[in-house]
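Residues per chain, in single letters:
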There are 2 protein chains.
Amino acid sequence: MGCNLNRPTLERLMQYYHYITEHLHPHPPDSANVSSVQIAELLGIDPAQVRKDLAAINVKGQPNVGYKISTVVESIRQCLGFDKNYNAVLIGAGRLGGAIACYDEFRFYGLKIAALLDNALQKIGTMIDGHKVQSVEMLEDIVQQQNIKLAILTVPAEAAQKLAERVTAAGIETIWNFSPTSLVMPDNVIVRNEHLSVGLAQLFYHLARRT
Amino acid sequence: MGCNLNRPTLERLMQYYHYITEHLHPHPPDSANVSSVQIAELLGIDPAQVRKDLAAINVKGQPNVGYKISTVVESIRQCLGFDKNYNAVLIGAGRLGGAIACYDEFRFYGLKIAALLDNALQKIGTMIDGHKVQSVEMLEDIVQQQNIKLAILTVPAEAAQKLAERVTAAGIETIWNFSPTSLVMPDNVIVRNEHLSVGLAQLFYHLARRT
DNA sequence: TAGATTGTTAATCGATTAACAATC
DNA sequence: TAGATTGTTAATCGATTAACAATC
């Protein structure tokens, strides 16, 4: 809501969320608390940073007690929009597209894969884990009828840019791109390129410095 | 080699690399150049930033001309370690594991999936796009025999932490984790959690601020 | 009360941007 | 030569860390 977050803060909040929901949440009773020092130590950061981040999403703690876990979790969910529901269209029913279509966790974040599209005739009409593969020709209709706000691309590099332009022409302004190419889009379109090689580069950089 | 890069610089270098190899590289003759302004405009950043980044990896430009494209590409590859060859073991032969095993681009970055492991009996012995699925029992032997430096995890959340510990016990100090859970590892282990929800959080945050 | 923890201001640190002389 | 672009120093900006009074 009234929270205005920068990128590092956003990333850290996601880490807190994972740490708390995976390691703390169900265990203690509903009223259980967590301190900034606990979180900070696990993540290897400064406790003041944690307090600043939580203050940024209007979470209030109690001196000598800490923060109420359920409040922290709910506030993060709300501020990051996980309590809303978004429909996405997934284009590209290859291996990666199939993996994402089946990714069960998305429902915890309010994301629903409303349609799975491909242009290969032999795939159209088949089922992938409950999702019927439809023709890419249906794109514009589906976007309009199902109030789609997000397009997820898992197509070959050659097809990605053209498809991204078609998707935005159809009215979608947010693209999550898993195709192995960097999309070049006007500023009004939100693009997140999830190119595997970026992660690889970081790992290699540290690997090389070690051996 | 003598390059010491921070995280933002590393990420930007990867962007330059993609932009140049995808949009510029093969087109002009080998001697063709690119200027910091060209790169900066496309990526929406400051030209001085580009010059700083290239200086950080010891790339020299020519006043009034720019930077030689082939030099830029080669220097990035060398500094990020793409000119070396690394063997990885991929654990988890599900949909996502299959997608990664088949990911052809890895060879441009010097990464080879040397082994694909799973613990499901019905998968062991089957072929996935040229990779024979082997039992997880083979992990320690394979790591030793094939000089494996990197483990890629695409397993269910419940299995990830235990497996990560087993992998490090076997001598691997770098983990690329695609399992939907955050690994908690000692500082000497390099972990990159590629949790999809982090990307999703950023997209949602911007989406919510728009509508 | 004593001890622990928050909330926040001030100090530090580091990264980005501006500016411009040097150079082709 | 004039114009464009690099390389780098200085100025700015923003994020992180230190410190500590307020509070339970």
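Our subject is the structure that appears above.
Small disclaimer: the values here were computed from a predicted structure and weren't measured.

All right, on to the state of the cysteines then. Scanning the model with the defined rule gives two disulfides over all chains in all. In this model, Cys3(A) is linked to Cys79(A) through a disulfide, with the two sulfur atoms separated by 1.9 Å. Disulfide Cys3(A)-Cys79(A): torsion about the S-S bond near 115°, hence right-handed. With a gap of 76 residues between them, Cys3(A) in the segment before helix H1 (7-24) and Cys79(A) in helix H4 (residues 69-80) connect regions that are remote in the sequence. In terms of burial, Cys3(A) and Cys79(A) fall into one category: buried. Here Cys102(A) stays unpaired: no disulfide links it, and the sulfur of Cys102(B), its closest cysteine neighbor, is 15 Å away.

Right, let's talk about the pattern of salt bridges for a bit. Applying the stated criterion to the full structure yields 16 salt bridges over all chains. Between Arg95(A) and Asp129(B) there is a salt bridge whose closest N-O contact spans 3.9 Å. Taken together, the positions of Arg95(A) in helix H5 (residues 95-101) and Asp129(B) in the loop between strand E5 (127-128) and strand E6 (131-135) put the pair across two chains. Residue classification places Arg95(A) among the partly exposed residues on the basis of a relative accessible area of 41%. Residues joined in a network through salt bridges with shared partners are Arg7(A), Glu11(A), Arg7(B) and Glu11(B).

Two faces, one strand: in a regular strand the side chains alternate between the faces of the sheet. All names here are of chain A. In terms of strand pairing, strand E4 (residues 111-118) meets strand E6 (residues 131-135) through three bridges, oriented parallel. Within E6, the position partnered with Leu117 by the bridge is Gln134. Bridging between strand E5 (residues 127-128) and E6 involves two bridges; their strand directions are antiparallel. Bridge pairing in E6 places Ile128 opposite His131. In sequence, E5 turns back onto E6 through a hairpin of two residues, with Asp129 there showing a positive phi of about 50°.

About the criteria used
Residues numbered from 1 in each chain as written. Chains lettered and ligands numbered in written order. Predicted model: local features only at pLDDT ≥ 70, side-chain atom pairs only at ≥ 80, totals over all residues. Heavy atoms only, no water. Disulfide = S-S within 2.5 Å. Helix = DSSP H or I, 4+ residues; strand = E, 2+ residues; numbered from the N terminus. Buried < 20%, exposed > 50% of the residue type's maximum accessible area, 1.4 Å probe, protein only. Salt bridge = Lys/Arg side-chain N within 4 Å of Asp/Glu carboxyl O. Pairing = 2+ DSSP bridges.

Honestly, that's just the spatial picture; any functional story needs more than this.
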